[in-house]
Amino acid sequence: MRHLFDILCLGLEKAAKIFCISLIFIIVIAMTAQILFRYVLDYPLSYTDEVCLVAMSWLTFVGAGWIYRTRAHITVDLLGETASDSLFVRLADVAAQLCVIAVILVLASQALELTPQAMRLEMGTLELSRFFMHYLPLLIGCGLIIIFAIDHALKTLTTGVSKEMHVVTPISE
């Protein structure tokens, strides 16, 4: 069962990565087209701003899940690396993951409460509901973070806190 969960997490990570990279390309292409059409052809496109806005919203929330999985987000190491295999550090890491899950569940529940109102509101030219623009990517991002937090907590309990679980950059050293 644990092996299937690892495969699920790896697949979700790869899908989120490909999706986020695709969204970056969509934003670049839409903005380039807007610049070319507006300043070269003197015929501004009316929908490129909204395409970029939707892509940026999706990129923000799905990207948050992807970054959480790869541990590339900003962290503060309060306990240090000297006793990284101690029981206290492992339990503190699991408690931190449970706190993340609790906060994300509150955020998702509030988004679900506002969903009926968001379904009625539409964006201008694309005529998409605000649900598609803001709430659906938020809920997907919340789901990714919860799944990845559970995976991290399970790995911490079974194998301990490893160097691979934390990204170290020259700035953080």
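Higher on the page you've got the structure.
Colleague: Quick question: what am I supposed to make of the packing of helix H2 (residues 48–70) against helix H4 (residues 130–159) here?
Modeller: Where H2 meets H4, the axes come as close as 7 Å, and the angle between the chain directions of the two elements is 5°. With respect to H4, the axis of H2 lies roughly parallel. Considering only residue class, the contact of H2 with H4 consists of 17 nonpolar, four polar and three charged.

Colleague: Hey, could you run me through a nonpolar patch on the surface in this one?
Modeller: A surface patch of nonpolar side chains, amounting to about 710 Å² of accessible area, comprises Ile35, Leu36, Tyr39, Val40, Leu41 and Tyr43. Here Leu36 shows up in helix H1 (residues 2–40).

Colleague: Would you mind going over unusual backbone geometry with me for this structure?
Modeller: Glycine aside, residues mostly have negative phi, and peptide bonds are mostly found in the trans state. Within the chain, Asp42 stands out as a residue other than glycine whose phi angle is a positive 55°. Its place among the elements puts Asp42 in the loop between H1 and H2. Judged by relative accessible area, which is 64%, Asp42 ranks as exposed.

Colleague: How should the environment of Arg120 be read in this particular structure?
Modeller: By the secondary structure assignment, Arg120 is in helix H3 (residues 87–120). A residue is classified by how much of its surface remains accessible, and Arg120, at 62% relative accessible area, is exposed. In this structure the C-alpha to C-alpha distance between Arg120 and Phe131, which are eleven residues apart in sequence, comes to 8.5 Å.

Rules and cut-offs
Residues numbered from 1 in each chain as written. Predicted model: local features only at pLDDT ≥ 70, side-chain atom pairs only at ≥ 80, totals over all residues. Heavy atoms only, no water. Axes fitted to C-alpha atoms, helices over the stretch in contact; angles between N-to-C directions. Helix = DSSP H or I, 4+ residues; strand = E, 2+ residues; numbered from the N terminus. Parallel < 35°, antiparallel > 145°, perpendicular 65-115°, else oblique. Nonpolar A, V, L, I, M, F, W, Y, C, P; charged D, E, K, R; others polar. Patch = residues over 30% accessible without salt bridge, like charges linked within 9 Å, V, L, I, M, F, W, Y side chains within 5 Å. Areas by Shrake-Rupley, 256 points an atom, 1.4 Å probe, with all protein chains shown as cover. Salt bridge = Lys/Arg side-chain N within 4 Å of Asp/Glu carboxyl O. Buried < 20%, exposed > 50% of the residue type's maximum accessible area, 1.4 Å probe, protein only.

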